[in-house]
Amino acid sequence: MLRRLDRFLSYEMKVSEFLGTLIIIGIPYGLVGVIWTLTHTGHLRGLHGVDLVISFLGSIVCWPVLTFANVTMT
């Protein structure tokens, strides 16, 4: 088991491989964040202008935390 873990952790990636991995992970994360934010807009109703944009983008980035907070608050 430790040999497999050591082999996995010692794998060297090129910068292009690292960026590709981030993109592959980031696109679904962002899509889920946009969908979650569009279906949970209650906290955005009273906001306007820059505050609305920042809160909308923050909701997209922080959707896992907001999902947990939404479950524990109700």
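The structure this text deals with has already been given above.
For the structure given in this document, a descriptive report is provided here.

The rules behind the values
Residues numbered from 1 in each chain as written. Predicted model: local features only at pLDDT ≥ 70, side-chain atom pairs only at ≥ 80, totals over all residues. Heavy atoms only, no water. Helix = DSSP H or I, 4+ residues; strand = E, 2+ residues; numbered from the N terminus. Rg over C-alpha atoms; globule rule 2.2 N^0.38 Å. Buried < 20%, exposed > 50% of the residue type's maximum accessible area, 1.4 Å probe, protein only. Areas by Shrake-Rupley, 256 points an atom, 1.4 Å probe, with all protein chains shown as cover. Lys, Arg positive; Asp, Glu negative; His and termini not counted. Charge placed at Lys NZ, Arg CZ, Asp CG, Glu CD. Phe/Tyr/Trp six-rings, centres within 6.5 Å; stacked < 30°, edge-to-face > 60°. Axes fitted to C-alpha atoms, helices over the stretch in contact; angles between N-to-C directions. Parallel < 35°, antiparallel > 145°, perpendicular 65-115°, else oblique. Left-handed = near helix turned anticlockwise from the far one by under 90°. Contact = heavy atoms within 4.5 Å. Nonpolar A, V, L, I, M, F, W, Y, C, P; charged D, E, K, R; others polar.

What the chain contains, in helices and strands, is four helices and zero strands. Order of helices (α) and strands (β) in the chain, N terminus to C terminus: α-α-α-α. Relative to a compact globule of 74 residues, whose C-alpha radius of gyration would be 11 Å, the chain shows 18 Å and is clearly more extended. Taken over the C-alpha atoms alone, the chain extends approximately 55 × 30 × 15 Å along its principal axes. Counting across all 74 residues of the chain, residues that qualify as buried make up 9%. For the chain, the accessible area works out to roughly 6500 Å², and carbon and sulfur atoms hold 73% of it. Side chains of the chain carry 5 positive and 4 negative charges; the gap between the two charge centres is 11 Å.

This paragraph deals with the packing of aromatic side chains. As enumerated under the stated definition, the model contains one aromatic pair in all. Pairing Tyr 29 with Trp 63 gives two aromatic rings, centres 5.5 Å apart and planes at 45°, and the pair type is tilted. Note that Tyr 29 is positioned in helix 2 (residues 15–39) and Trp 63 in helix 4 (residues 63–73), a separation of 34 residues in sequence. A relative accessible area of 35% means that Tyr 29 is categorised as partly exposed.

Viewed as axis vectors pointing N to C, helix 2 and helix 3 (residues 50–61) meet at an angle of 125°, and their least axial separation amounts to 7 Å. Accordingly, the angle class assigned to the pair helix 2 and helix 3 is oblique. Helix-helix and strand crossings are classified by hand; for helix 2 and helix 3 the assignment is right-handed. The segment helix 2 lies against helix 3, with Tyr 29, Gly 30, Gly 33, Val 34, Thr 37 and Leu 38 engaging Phe 56, Ser 59, Ile 60 and Val 61. For the contact of helix 2 with helix 3, the residue count by class is six nonpolar, four polar and no charged.

Positionally, Ser 59 belongs in helix 3. Every residue in contact with Ser 59, bar those within four places of it in the chain, is listed here: Thr 37, His 43 and Leu 66.

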